[in-house]
Amino acid sequence: MKHFVLLLIVLLCLSSCSKTEKYQINGVEYAMTPVDSSPNYLVESPSFSGVVFDKQKRPYTDVFTLRMLVRPTQEEKVTAFTPSLEEIIEAEKILKRCVEIDKIGVDSMEIWDGAIRELPLYRRQYFGAINGKGQKLIWINCFSKESDFIKFDWRTEAVSVDDGGDWFFNIVTNIDTHECYGFFRNSIGG
């Protein structure tokens, strides 16, 4: 009997200590779970899952400006922000439209057929920034759910991989203009 009571107490504690919050938005259920020992949170839905990084954590490179394009442009000043669940949902809508329908970014970067695999096969990392015009940008770093990142935790560190082909890509979405730009897919290597 003592073991049963102890087990019951442990199970009750575990179920009440869950930090996952569930939301229903437009008929879709989303779960948000804080990532242990970080200010980041994991977002899960039937169609995507990824980690929203806190504004204090910066990507490994300047991903929000257009300076990575062939034509030189002036570097844009941005201020980091932590995207909300609603902003992540909007960024996902923009990503899906850019990749599956438009197949081109506002910067004329083509997303050709076969460039990447189906979107549900990727995990995401989301980093937010506000540009000089006050527009909210979300950089979405995508990588295969089948990837094995043993050396670090993708929930707390930005994933940067050399090569890997269509299993790794990233893009910037502008929440205010509903546009995307800066599509980049890793090379195959060799």
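Residues numbered from 1 in each chain as written. Predicted model: local features only at pLDDT ≥ 70, side-chain atom pairs only at ≥ 80, totals over all residues. Heavy atoms only, no water.

### Topic: the nonpolar core
Residues Ile116, Ile138, Ile140 and Phe169 are the most contacted members of the largest nonpolar core, which totals 44 residues. Those elements giving two or more residues to this core turn out to be strand 2 (28–34), strand 3 (41–44), strand 4 (49–52), helix 2 (85–102), strand 6 (122–130), strand 7 (136–144), strand 8 (168–174) and strand 9 (179–185). (Core = buried A, V, L, I, M, F, W, Y, C linked by side-chain atoms within 4.5 Å. Buried < 20%, exposed > 50% of the residue type's maximum accessible area, 1.4 Å probe, protein only. Helix = DSSP H or I, 4+ residues; strand = E, 2+ residues; numbered from the N terminus.)

### Points about the side chain of glutamine 135
The residue glutamine 135 is located in the loop between strand 6 and strand 7 in this model. At 3.0 Å, the side chain of glutamine 135 and the side chain of asparagine 174 are in polar contact. Apart from residues lying up to four places away in sequence, glutamine 135 is in contact with Ala129, Ile130, Asn174, Asp176 and Thr177. (Polar contact = N/O pair within 3.5 Å; in protein donor to acceptor, adjacent residues only side chain to side chain. Contact = heavy atoms within 4.5 Å.)

### So, helix 2
Here helix 2 is 18 residues long and its end C-alpha atoms lie 24 Å apart, about the 26 Å a rise of 1.5 Å per residue gives. For helix 2, every residue scored as buried is listed here: Leu85, Glu87, Ile88, Ile89, Glu90, Ala91, Glu92, Ile94, Leu95, Cys98 and Val99. Of the residues one or two after helix 2, lysine 103 is the one with positive phi, at around 60°. (Expected span 1.5 Å × (residues − 1).)

### Let's talk about the pairing of strand 1 (residues 21–25)
Pairing of strand 1 with strand 2 involves 5 bridges; the strand directions are antiparallel. From the neighbouring strand, lysine 22 faces strand 2, where its bridge partner is alanine 31. (Pairing = 2+ DSSP bridges.)

### A short note on the confidence of the model for the protein
Low pLDDT marks regions whose predicted coordinates should not be analysed in detail. On average, the protein scores 79 in pLDDT, and the residues at 70 or more come to 73%. Overall, residues 66–72 carries pLDDT values under 50, and its contacts beyond four positions in sequence, including any with other chains, amount to 10 contacts. (pLDDT = per-residue confidence, 0-100.)

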